[in-house]
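Observations on the three-dimensional arrangement
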Amino acid sequence: EHAGYTAQDCIYIGDDERDIIAGKAAGMATVAAAYGYCALEDPLAWGPDYIAQQASDLPDIIQRWAQSMDELATAPETPSGTESRLQ
């Protein structure tokens, strides 16, 4: 808030299920970093919006997320109020 951004304007990147839970609870898009500490777990089971297999995946994921945000901002609202899940 101090920087002028809402949670929906941010991405939470984490390497543990609790990171994904925290990001979703805050209303952020989430990225599971499937490298590092979570090597023995299945980050897909955490329900992240994206999974980075290595740190070099992050720029592409962030770009795809930003493009999806632009598309959501310019798309007409749906009458049912359904939301698109980021993939």
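These notes cover the structure that comes with them. Keep in mind that this is a model prediction, so the values were computed, not measured.

Let's shift gears to the overall build of the chain. A tally of helices and strands in the chain yields two helices and three strands. For the chain, buried positions account for 25% of its 87 residues.

A few words now on helix α1 (residues 17-26). When α1 is considered as a whole, its buried residues turn out to be Asp 19, Ile 20 and Gly 23. Considered in projection along α1, the buried side chains sweep an arc of 95° and stay on one side of the axis. Every exposed residue of α1 that faces more than 90 degrees away from the buried side is listed here: Arg 18, Ile 21 and Ala 25. Buried positions along α1 lie against β1 (11-14) and β2 (29-33). Put simply, Asp 16 is the residue that caps the front of α1, since its side-chain oxygen is 3.0 Å from the backbone nitrogen of Arg 18. Among the residues trailing α1, Gly 27 stands out with phi positive, at a value near 90°.

Quick notes on the rules
- Residues numbered from 1 in each chain as written.
- Predicted model: local features only at pLDDT ≥ 70, side-chain atom pairs only at ≥ 80, totals over all residues.
- Heavy atoms only, no water.
- Helix = DSSP H or I, 4+ residues; strand = E, 2+ residues; numbered from the N terminus.
- Buried < 20%, exposed > 50% of the residue type's maximum accessible area, 1.4 Å probe, protein only.
- Arc of directions from axis to C-beta.
- Contact = heavy atoms within 4.5 Å.
- Polar contact = N/O pair within 3.5 Å; in protein donor to acceptor, adjacent residues only side chain to side chain.

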